[in-house]
Amino acid sequence: MAYVTGSGAGQGGARADGAPGGGAEPAERTSLSVRARDEVRQRIVDRRYPQGARLVEREVAQELRMSRVPVREALRALVAEGLLELLPHSGVRVRRLERTDVEHLYEVWEPLAVQASRLAARRVARAAPGEESRLTALRACLDRAEQAASDSEGSREVAAHTAFHAEIVALGGNPMLHRTMEQLGGQLQLLFGMREEPAHMRAQHAVMYRCIAAGDEDSAAASTLLHVRDSRAVALRSLFDDA
């Protein structure tokens, strides 16, 4: 894969993907790049692109039926997210999660997740009458996870759990926290998909929801802390045979 800086589009002559100059507008290309990023991320999460696999820009573009420019931008974005890593000479590969990677991820996620739940509960407590609909999306994530577990649909359950944590961040209303958590989102989704998902962890989500819905900051923070630390133990046990 030619992993170079700059796409070469919009400068006349041939573009980096081999198409003539004067192609798609920037907004359209951005939309394609986002779609390519989401598609590649999902293939990493559901392990169609396994850990350690080398991704070739041309081949990915063919699979996604896109030109190479948005695919190149998508791969760069996923390198920044930590799902891909640059190879020494050229190209990228799916990053392998080592034990230290998992430990570092939880060290960062724990305080952010706790703060997100605290902020969400605070916002619910301060909401004006009739604004309870803010909790609807959060409740829907719980329902989707339960249904997916009942149907033995692991990938759907992982998506629902990831969405649950994302909705807590959104409910808190802090854009800086939202941007920070977006950087971790792909790695968390990958991690959730690699480990087992015991039923008691779905129950912990339900407790977190009740605390947030009640506007109880301290209980929301405490229940989230318990959940994240339990999630860490489950991940280390599942992936590295910890006792």
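Given the structure is predicted, the values throughout are model-derived calculations rather than measurements.

### Quick look at the pattern of salt bridges
A complete count under the given rule lists 19 salt bridges for this structure. The shortest N-O distance in the salt bridge between Asp 38 and Arg 41 comes to 2.9 Å. In this pair, Asp 38 and Arg 41 both sit in helix α1 (residues 26–45), 3 residues apart, roughly one turn of the helix. Overall, the relative accessible area of 15% leaves Arg 41 in the buried class. One salt bridge connects Glu 85 with Arg 93, and the closest N-O pair in it is separated by 2.8 Å. By relative accessible area, Glu 85 is classed as partly exposed at 27%. Counted as one network, the salt bridges with shared partners bring together Arg 37, Asp 38, Arg 41 and Glu 81.

### Some thoughts on the sheet that holds strand β1 (residues 54–55)
Strands sit in the order β1-β3-β2 across an open sheet of 3 strands; the sheet is antiparallel. With partners counted over all chains shown, the strands left at the sheet margins are β1 and β2 (84–86), one partner each. One ladder, built from 3 bridges, connects β2 with strand β3 (residues 92–94); its direction is antiparallel. Note on β3: the bridge partner recorded for Glu 85 is Arg 93. Helix α3 (residues 68–81) rests against β1, β2 and β3 of the sheet, and its axis sits at about 100° to β2.

### Considerations on the environment of Ala 140
Note on placement: Ala 140 falls in helix α5 (residues 136–150). Assessed through its relative accessible area of 26%, Ala 140 is described here as partly exposed. Separated by 23 residues in the primary sequence, Ala 140 and Ala 163 have C-alpha atoms spaced 9.6 Å apart.

### Quick look at the side chain of His 161
If you trace the backbone, His 161 turns up in helix α6 (residues 154–172). Under the relative-accessibility criterion, His 161 is labelled buried at 3%. A distance of 3.1 Å separates polar atoms of two side chains, one belonging to His 161 and the other to His 205.

### Looking at helix α8 (residues 199–213)
Taking 1.5 Å per residue, 15 residues should reach 21 Å; α8 reaches 21 Å between its end C-alpha atoms and fits that length. Where α8 is concerned, the buried positions are Met 201, Arg 202, Gln 204, His 205, Met 208, Tyr 209, Cys 211 and Ile 212. Phi for Gly 215, located one or two positions after α8, is positive at around 70°.

### With respect to the packing of aromatic side chains
Inspection of every chain in the model, using the stated rule, returns 2 aromatic pairs. Ring centres 5.7 Å apart and planes at 55° place the aromatic pair Tyr 106 and Trp 109 in the tilted group. With Tyr 106 and Trp 109 both in helix α4 (residues 99–126) and 3 residues apart, this pair spans about one turn of that helix. Taken individually, Tyr 106 and Trp 109 each receive the classification buried, so the pair is uniform in this respect. Through successive ring pairs, a cluster of aromatic residues spans Tyr 106, Trp 109 and Phe 192. Above the face of the Tyr 209 ring, Arg 139 is positioned so that its terminal group lies 5.2 Å from the ring centre.

### Observations concerning the packing of α6 against α8
Contact pair α6 / α8: the axes reach a minimum separation of 12 Å and the direction vectors enclose 20°. Relative to α8, the element α6 is oriented roughly parallel. Here the hand of the crossing between α6 and α8 comes out left-handed. Residues Glu 157, His 161, Phe 164, His 165, Ile 168 and Leu 171 of α6 form the contact with α8, whose own contacting residues are Arg 202, His 205, Met 208, Tyr 209 and Ile 212. Its residues placed into classes, the contact of α6 with α8 shows 6 nonpolar, 3 polar and 2 charged.

### Looking at the nonpolar core
Ranked by size, the top nonpolar core spans 55 residues in total, and within it Val 40, Leu 55 and Ile 212 carry the most contacts. Here the element with the most residues in this core is α4; it accounts for 11 residues.

About the thresholds
Residues numbered from 1 in each chain as written. Predicted model: local features only at pLDDT ≥ 70, side-chain atom pairs only at ≥ 80, totals over all residues. Heavy atoms only, no water. Salt bridge = Lys/Arg side-chain N within 4 Å of Asp/Glu carboxyl O. Helix = DSSP H or I, 4+ residues; strand = E, 2+ residues; numbered from the N terminus. Buried < 20%, exposed > 50% of the residue type's maximum accessible area, 1.4 Å probe, protein only. Pairing = 2+ DSSP bridges. Contact = heavy atoms within 4.5 Å. Axes fitted to C-alpha atoms, helices over the stretch in contact; angles between N-to-C directions. Polar contact = N/O pair within 3.5 Å; in protein donor to acceptor, adjacent residues only side chain to side chain. Expected span 1.5 Å × (residues − 1). Phe/Tyr/Trp six-rings, centres within 6.5 Å; stacked < 30°, edge-to-face > 60°. Lys NZ or Arg CZ within 6 Å of the ring centre and 35° of its normal. Parallel < 35°, antiparallel > 145°, perpendicular 65-115°, else oblique. Left-handed = near helix turned anticlockwise from the far one by under 90°. Nonpolar A, V, L, I, M, F, W, Y, C, P; charged D, E, K, R; others polar. Core = buried A, V, L, I, M, F, W, Y, C linked by side-chain atoms within 4.5 Å.

Everything listed here is a matter of coordinates, which is why it stays silent on function.
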